[in-house]
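Per-entry structural report
This is what each chain is made of:
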Amino acid sequence: MATVDTAPAEPHAPPTSPRSCTPPVQRPPGGTVPGQPHAATAPGPAGSADVPGQPPAATLIGSVQRAMRLLETVAAHEYGAPAKQLARETGLALPTTYHLLRTLVHEGYLRREKGLFFLGDAAERLSSSGAQQKRRSTVADTLAHWRDSIGVPVYYAMYRDGEIEVMCVSDSREAPAVEEWADFRETGHAHAIGQCLLSQLDEDARREHLARYPVQSLTPYTVRDSHALLRRLARTARMEPVVERQEYALGTVCAAVPITVGTTAATMAISLPAHQSDRLLPAAHRLQAGIGRHLGSLTLSISI
């Protein structure tokens, strides 16, 4: 069962340099849009040959179009389909269908069992990657919403495979993210994201992490040693934001909201300039309330 936890801890450190879950859209020269032909070079019907004096149709490759049509048709048949049926449904000549099917089977996009064709491992990987991109987009959109509504940079991080990973950062010119001046994975003791994630682990896992990444002073406010940090984490209360003030970077205060979904430790965090520290806890509580309302969709995206 998914639960949202927040534990007050000490100051939280700003996350890594601004990163986005999804790359920015880049438009090609001349105002063209990816996936659409330029008005001056729009191709004719699929498979048509170039005609002298007319725009070339080479921007579309007929064999690729036919292969994609076959893949879509196979995907529509949960229990597989024979070549003749696929040729009929796609409108392709049978010899062309056989040729494309052999190629797609060879490349792993289809597999053949007892004369029937099914989607192969390569196609499944494409589907999985598409679903992952959609989950990333969901998280990025959610963070951008909170960034704009609360007016702070928002970070999403997870603890997996023994490492602190900042998965997504949403900031703006008006609310820039904290620069990662010291390796974020190695300095979890000094920032709110790391402290929040470590607070969700058991004591053995915390000690193992600190054995790999010993406590080190980054600023005059950084916790002094692992014993002090472990005592702080043990006192961390559930349902309260973990906060840190200038422990990772001078001039910055941060707060992190714990998110526990099953055995996955995750967090969303915010940062502010130190002179706006009076905004930190109110903003963190607004973020926490938002997470509570959107936890269902975030749970589906937790494994990005």
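Residues numbered from 1 in each chain as written. Predicted model: local features only at pLDDT ≥ 70, side-chain atom pairs only at ≥ 80, totals over all residues. Heavy atoms only, no water.

1. Comments concerning the confidence of the model for the chain
Across the chain, pLDDT averages 79, with 73% of residues at or above 70. Note on residues 1-19: pLDDT under 50 across the span, and 117 contacts to partners over four residues away in sequence or across chains. A low-confidence stretch, residues 22-55 (pLDDT under 50), is modelled with 26 contacts involving residues beyond four sequence positions or located in other chains. (pLDDT = per-residue confidence, 0-100. Contact = heavy atoms within 4.5 Å.)

2. A few points about unusual backbone geometry
One non-glycine residue, Lys-114, lies in the positive phi region at around 50°. Considering the arrangement of structural elements, one finds Lys-114 in the loop between β2 (110-113) and β3 (116-119). For Lys-114, a relative accessible area of 88% gives the class exposed. With a phi close to 60°, Gln-246 is a non-glycine residue in the positive phi region. Mapped onto the secondary structure, Gln-246 falls in the loop between β6 (242-245) and β7 (252-261). (Helix = DSSP H or I, 4+ residues; strand = E, 2+ residues; numbered from the N terminus. Buried < 20%, exposed > 50% of the residue type's maximum accessible area, 1.4 Å probe, protein only.)

3. Side note on the nonpolar core
Among the nonpolar cores identified, the biggest contains 31 residues, and Tyr-155, Tyr-159, Ile-193, Leu-197, Leu-229 and Tyr-248 are the most heavily contacted of them. Only β4 (154-160), β5 (163-170), α5 (192-199), α7 (226-235), β7 and β8 (264-273) provide two or more residues apiece to this core. With five residues, the top contributor of residues to this core is α5. One finds Leu-143, Met-158, Val-253 and Ala-255 within the second-largest nonpolar core, a separate group that totals 25 residues. (Core = buried A, V, L, I, M, F, W, Y, C linked by side-chain atoms within 4.5 Å.)

4. Considerations on helix α2 (residues 83-90)
Those residues of α2 lying buried are Ala-83, Leu-86, Ala-87 and Thr-90. Down the axis of α2, the smallest arc covering the buried residues is 100°, so these residues share one side. Along α2, the residues that are exposed and aim more than 90 degrees away from the buried face are Lys-84 and Arg-88. On the buried face of α2, the contacting elements are α1 (62-75), α3 (94-106) and β3. Note on α2: the residue one or two positions beyond its end, Gly-91, has a positive phi of about 75°. (Arc of directions from axis to C-beta.)

5. Things to note about α5
Burial analysis of α5 places eight of its eight residues in the buried class, which makes it a mostly covered element. Within the span of α5, buried status applies to Ala-192, Ile-193, Gly-194, Gln-195, Cys-196, Leu-197, Leu-198 and Ser-199.

6. Some words on the environment of Arg-69
Looking at the element boundaries, Arg-69 is found in helix α1. As a C-alpha pair, Arg-69 and Gly-91 span 22 residues in sequence and 9.6 Å in three-dimensional space. Setting aside residues up to four positions removed in sequence, Arg-69 forms contacts with Thr-90 and Leu-92.

7. A short note on the packing of aromatic side chains
Taken as a whole and judged by the stated rule, the model has two aromatic pairs. Between Phe-184 and Tyr-248 the ring centres are 5.6 Å apart and the planes differ by 80°, which places this aromatic pair in the edge-to-face class. Here Phe-184, found in the loop between β5 and α5, pairs with Tyr-248, found in the loop between β6 and β7; they are 64 residues apart in sequence, far enough to count as distant. You'll find Phe-184 and Tyr-248 in the same group, each marked buried. Here the aromatic residues Trp-181, Phe-184 and Tyr-248 are joined through ring pairs into a cluster of three or more. (Phe/Tyr/Trp six-rings, centres within 6.5 Å; stacked < 30°, edge-to-face > 60°.)

8. Focus on the packing of α5 against α7
Direction vectors running N to C along α5 and α7 enclose 65°, while the axes themselves pass 9 Å from each other. Judged by the inter-axis angle, α5 sits roughly perpendicular to α7. Crossing of α5 over α7 shows right-handed handedness. Contact residues: α5 offers Gln-195, Leu-198 and Ser-199, while α7 offers Leu-229, Arg-232 and Leu-233. Across the contact of α5 with α7, the residue classes break down as three nonpolar, two polar and one charged. (Axes fitted to C-alpha atoms, helices over the stretch in contact; angles between N-to-C directions. Parallel < 35°, antiparallel > 145°, perpendicular 65-115°, else oblique. Left-handed = near helix turned anticlockwise from the far one by under 90°. Nonpolar A, V, L, I, M, F, W, Y, C, P; charged D, E, K, R; others polar.)

9. Side note on a nonpolar patch on the surface
A cluster of nonpolar side chains, Ile-61, Val-64 and Met-68, forms an exposed patch at the surface whose accessible area comes to about 270 Å². Topologically, Ile-61 is positioned in the loop between β1 (3-4) and α1. (Patch = residues over 30% accessible without salt bridge, like charges linked within 9 Å, V, L, I, M, F, W, Y side chains within 5 Å. Areas by Shrake-Rupley, 256 points an atom, 1.4 Å probe, with all protein chains shown as cover. Salt bridge = Lys/Arg side-chain N within 4 Å of Asp/Glu carboxyl O.)

10. Description of the side chain of Arg-147
Mapped onto the fold, Arg-147 is located in helix α4 (residues 121-151). Beyond its immediate sequence surroundings of up to four residues, Arg-147 is in contact with Val-152, Val-154, Ser-170, Asp-171 and Ser-172.

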